[in-house]
Amino acid sequence: MTTAATRLVGTAHTRVEGRDKVTGAARYAGEFPFAELAHGWLVLSTVARGRIRAVDTEPVLAMPGVLTVLHHHNAPRVDTGYTGVMGTPPDPTIGVFQHDRVPHAGWPVALVVAETSEQAREAAEALVVHYDQEPHDVAFSAQREAEAYPLGGHGPAVVEKGDLEAELAASAIVIDAEYTTPEEYHNPMEPHATTARWEGGRLEVVDSNQGTNWVAGELASLFSLDPGSVRVRSEHVGGGFGSKGVRAHQVAAVMAATVLRRPVRVVLTRRQMFVLAGHRSPTAQRLRLGADADGRLRALEHRSLSQTSTVHDFVEPGAAASRSMYAADAHHTAIRLVKLDVPTPTWMRAPGEAPGSFALESALDELAERCGIDPIDLRIRNEPAVGPVSGLPFSGRNLIACFREGARRFGWTERDPRPGVRREGRWLLGTGTAAASFPAMAMPSTAALTAEADGTFTVRINAADIGTGARTALTLVAADALEVPTDRVRVRIGDSDLGPAMFAGGSAGTRSWAWAVTAAAEELRRSVAPGADIPPEGITVRSNTAEAVGALAQKERHSFGAQFAEVAVDPATGEVRVRRMLGIFAAGRIVNPLTARNQFVGGMTWGISMALHEEAVRDRASGGLYGADLAGYHVAAHADVPHIEADWVDDPDPDDPVGIKGIGEIGIVGAAAAVANAVWHATGVRHRNLPIRPDRVLMAGGDA
């Protein structure tokens, strides 16, 4: 397949929906008006394990405006025994109010529905629930390894190549270190919100999600409905990051709408999102690297432990990132889980790769130090010609080009490799680097394209724009494929009635959707002769990329990048300031440089947050979180975000019709390691546990 010639793809365009967003015309899920709209408020358990003994509903039902209280005795029954969109049974959390068991703090135990949101909240806070409490266990640590079990995510749990112990024994230099990352939480600007109603025998849901087909299919399965009788719309989404799939609030809203036969809206509070929207599991990772004196890897072992709930297995595949990065004679990786009385984790931007790259790229920096080799030179020496484990060819691997361009622009050659020698007043200064990678995927999608009688074109594809600029990117792709200006193209997205398409996730959305749009444009150009008359109803064609995507040759497909950071550390206060960052990426053809740069910079900013701030602390006594809000859960604020530059090298994917790979997640990968490596360079102290808080800096007399 050859890459289509482009004219508009690759040029900067402002968002096609930008004016609607800044003027308030763009409506989000919690803003749609409905006649007779009722409001639901979820009641969450206050114990971490046990059973519901009783729910005192009578006093609450007598409160002003209260319409009903749903709980496990009276809620509609649902079926959670089906195979979900991910090929596994769904998280039982979405089957709300089905039994009296409580498997973690914050488990949904009731929904109060009232005429107004204020009435629903007041009544929900007044509802008394009695529990038979049981002992719980929420203590995650590396010491739980003995009770953990292997489980793969989208790949195998354990991969072994070569004789690890023999290669370690033969190595001149061995790094054996443990790294930890904490529990982390999604905080998209727009809270999760759903409105459900029955209209003409059909369930209609207005929701904030990352894929309307996904949500519609899951709701149809849960409620045993014909898939065609469920419509889900998600017009604008204020961020998702992996959290906006199928959640308890959507199911509760449908239950209430079914019982009351009127529209019901459920919106999560910020504190409820810390329980119900999923989280990134904490990890405990062990890296063993064995190398010759010249830095060539003989052995690479990466073991990653993460937590899951007692009701559903979710894997944070931290060790998977190592399987495609560096060549080694022996290559062992393992992913293991431990069950605890906590909510089920979920996808969070760069699942597996973000925490895994912190451990791997920190260990590589330690190896470079021990070998007396520049960290970039070390990575070049261990650059694989084919997949280190798979043996498959790479569809494109321009990682070294990223490092070379980044080193030139960052001024890396002027760096004194000795740690703790560069000062500016009270500040110790240091620089660090790290590699980044993320899988490049394409999934089958359909698209409809209509040539309208007025000379314009309408694209209908069930994409989701979660803030990434998908509408704009697809407008550019369609205009190029049709060889028309962008003002002749309209793109309709975010409606399950538009047909099956990839959801916004895995950095695969734009690539999958653009492929379908391009295929539809090619079919339309074949079907309509130049200058032909278009009937009033237009001419519509439909594409389906399942066959083309399925025919892709087996290859290692990834986006790559090189991260650079400069930090200043105050040894008297422990304060760490990131002064500048640079990311250079090889991520396929960049469709819209304006929104792409925003995605890269956003990911890198999150990497600063991950390195220095983000840490959810679980109270072992209650099983809940301390400070489950944006006052207690620290994220990078304006004062923490320095000058960040993001750019890319030419890297079109020859196997994609537009040359796209994917950019949504790679910006965060490696960013935390680059910061941590810079802190070592500034202070001479390794920090292997995130976040690098001031108290950890102050207390670190040796390795932290």
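Residues numbered from 1 in each chain as written. Predicted model: local features only at pLDDT ≥ 70, side-chain atom pairs only at ≥ 80, totals over all residues. Heavy atoms only, no water.

**Examining the sheet that holds strand 2 (residues 50–56)**
Whenever strands of a sheet pair, they do so through backbone hydrogen bonds, lying parallel or antiparallel. The strand order 4-2-6 describes an open sheet built from three strands, whose pairing is antiparallel. Looking at the sheet topology across the chains shown, the edges are occupied by strand 4 (101–102) and strand 6 (128–133). In this structure, strand 2 lies alongside strand 4, joined through two bridges in antiparallel fashion. Each residue of the ladder has a partner; that of arginine 51, found in strand 4, is arginine 101. (Pairing = 2+ DSSP bridges. Helix = DSSP H or I, 4+ residues; strand = E, 2+ residues; numbered from the N terminus.)

**A closer look at the sheet that holds strand 3 (residues 66–70)**
On the basis of which strands lie adjacent, the open sheet formed by seven strands has the order 3-5-1-14-11-12-13 and mixed pairing. Taken across any chain shown, the strands that pair with only one partner, and hence form the sheet edges, are strand 3 and strand 13 (230–233). On average, each strand axis in the sheet is tilted by 20 degrees relative to the strand beside it, whichever way the strands run. As judged from the four bridges shared by strand 11 (residues 193–199) and strand 14 (residues 264–267), these two strands associate in the antiparallel manner. Of the residues in strand 14, the one forming a bridge with threonine 194 is valine 266. Each of strand 1 (38–44), strand 3 and strand 5 (108–114) is contacted by helix 3 (residues 117–126), which is oriented at about 25 degrees to strand 1, the strand it contacts most. Running over the sheet, helix 6 (residues 248–260) touches strand 1, strand 3, strand 5, strand 11, strand 12 (202–207) and strand 14 and is turned about 30 degrees from strand 11. (Axes fitted to C-alpha atoms, helices over the stretch in contact; angles between N-to-C directions. Contact = heavy atoms within 4.5 Å.)

**Brief notes about the side chain of threonine 545**
Here threonine 545 is to be found in the loop between strand 24 (539–544) and helix 13 (546–550). We classify threonine 545 as buried; its relative accessible area is 2%. Among all residues touching threonine 545, those that are not within four sequence positions of it are Met443, Pro444, Ser445, Trp515 and Ala516. (Buried < 20%, exposed > 50% of the residue type's maximum accessible area, 1.4 Å probe, protein only.)

**Remarks on the nonpolar core**
Note on soluble globular proteins: their nonpolar side chains tend to be buried together. Among the nonpolar cores identified, the biggest contains 81 residues, and Leu219 and Ile461 are the most heavily contacted of them. For this core, the leading source of residues is helix 11 (residues 470–482), giving nine residues. Other than its neighbours up to four places away in sequence, leucine 219 contacts Val205, Val230, Val232, Val251 and Val254. (Core = buried A, V, L, I, M, F, W, Y, C linked by side-chain atoms within 4.5 Å.)

**Some points on the side chain of threonine 595**
Tracing the sequence through the fold places threonine 595 in helix 14 (residues 593–612). Judged by its relative accessible area of 5%, threonine 595 is buried. Separated by 3.3 Å, the side chains of threonine 595 and asparagine 592 make a polar contact. Setting aside anything within four residues of it in sequence, one finds threonine 595 in contact with Arg15, Thr468 and Gly469. (Polar contact = N/O pair within 3.5 Å; in protein donor to acceptor, adjacent residues only side chain to side chain.)

**Observations regarding the pattern of salt bridges**
The full count for this structure, using the stated rule, is 58 salt bridges. Among the salt bridges present, the one from arginine 409 reaches glutamate 405, with a minimum N-O distance of 4.0 Å. Taken together, the positions of arginine 409 and glutamate 405, both in helix 10 (residues 399–410) and four residues apart, correspond to about one turn of that helix. Judged by its relative accessible area of 32%, arginine 409 falls in the partly exposed class. We classify glutamate 405 as partly exposed; its relative accessible area is 24%. With its nearest N and O atoms 3.8 Å apart, the salt bridge here joins arginine 577 to aspartate 640. Residue arginine 577 is located in strand 26 (residues 576–586), and its partner aspartate 640 is located in the loop between helix 14 and strand 27 (643–648); the two are separated by 63 residues in the primary sequence. Sharing partners across several salt bridges, the network here consists of Glu405, Arg408, Arg409, Arg597, Glu645 and Asp647. (Salt bridge = Lys/Arg side-chain N within 4 Å of Asp/Glu carboxyl O.)

**A word on the packing of helix 11 against helix 12 (residues 509–527)**
The contact between helix 11 and helix 12 brings their axes to 9 Å, and the two run at 30 degrees. Considered as vectors, helix 11 and helix 12 are oriented roughly parallel to each other. For the pair helix 11 and helix 12, the sense of crossing is right-handed. Between helix 11 and helix 12, the contacting residues are Ala470, Ala473, Leu474, Val477, Ala478, Ala481 and Leu482 on the first element and Thr510, Trp513, Ala514, Val517, Thr518, Ala521, Leu524 and Arg525 on the second. In terms of residue class, the contact of helix 11 with helix 12 is made up of twelve nonpolar, two polar and one charged. (Parallel < 35°, antiparallel > 145°, perpendicular 65-115°, else oblique. Left-handed = near helix turned anticlockwise from the far one by under 90°. Nonpolar A, V, L, I, M, F, W, Y, C, P; charged D, E, K, R; others polar.)

**As for the packing of helix 8 (residues 353–371) against helix 15 (residues 671–683)**
The geometry of helix 8 relative to helix 15 is characterised by a closest axis approach of 8 Å and an angle of 35 degrees between their N-to-C directions. Here helix 8 and helix 15 pass one another in a crossing that is right-handed. Together, Ser357, Phe358, Glu361, Ser362, Asp365 and Glu369 of helix 8 and Ala672, Ala673, Ala676, Asn677 and Trp680 of helix 15 make up the contact between the two elements. Counted by class, the contact of helix 8 with helix 15 contains five nonpolar, three polar and three charged residues.

**Topic: the environment of histidine 634**
Inspection of the secondary structure assignment puts histidine 634 in the loop between helix 14 and strand 27. When its relative accessible area of 44% is taken as the criterion, histidine 634 is described as partly exposed. Expressed as a C-alpha distance, the spacing of histidine 634 and threonine 116, which sit 518 residues apart in the sequence, is 32 Å.

**Brief notes about the packing of aromatic side chains**
The description of two aromatic rings rests on the distance between their centres and on the angle between their planes. Per the stated rule, a full pass over the model turns up 14 aromatic pairs. Their ring planes at 75 degrees and their centres at 5.5 Å tell us that phenylalanine 274 and tyrosine 633 sit as a pair that is edge-to-face. A residue pair is termed long-range when its members are at least 10 positions apart, and phenylalanine 274 in helix 7 (residues 270–276) and tyrosine 633 in the loop between helix 14 and strand 27 qualify at 359 residues. The buried category is assigned to phenylalanine 274, whose relative accessible area is 2%. Since its relative accessible area comes to 2%, tyrosine 633 is described here as buried. With a centroid separation of 6.3 Å and 70 degrees between ring planes, the pair formed by phenylalanine 394 and phenylalanine 560 is classed as edge-to-face. In this pair, phenylalanine 394 is assigned in the loop between helix 9 (375–381) and helix 10 and phenylalanine 560 in strand 25 (residues 558–569), connecting sequence segments 166 residues apart. Like phenylalanine 560, phenylalanine 394 is buried. Among the aromatic residues, those joined into a cluster by ring pairs are Trp214, Phe314, Trp347 and Phe503. Taking the ring centre of tryptophan 198 as reference, the NZ or CZ of arginine 261 above it sits at 5.0 Å. The side chain of arginine 686 reaches across the aromatic face of tryptophan 680, ending 4.2 Å from its centre. (Phe/Tyr/Trp six-rings, centres within 6.5 Å; stacked < 30°, edge-to-face > 60°. Lys NZ or Arg CZ within 6 Å of the ring centre and 35° of its normal.)

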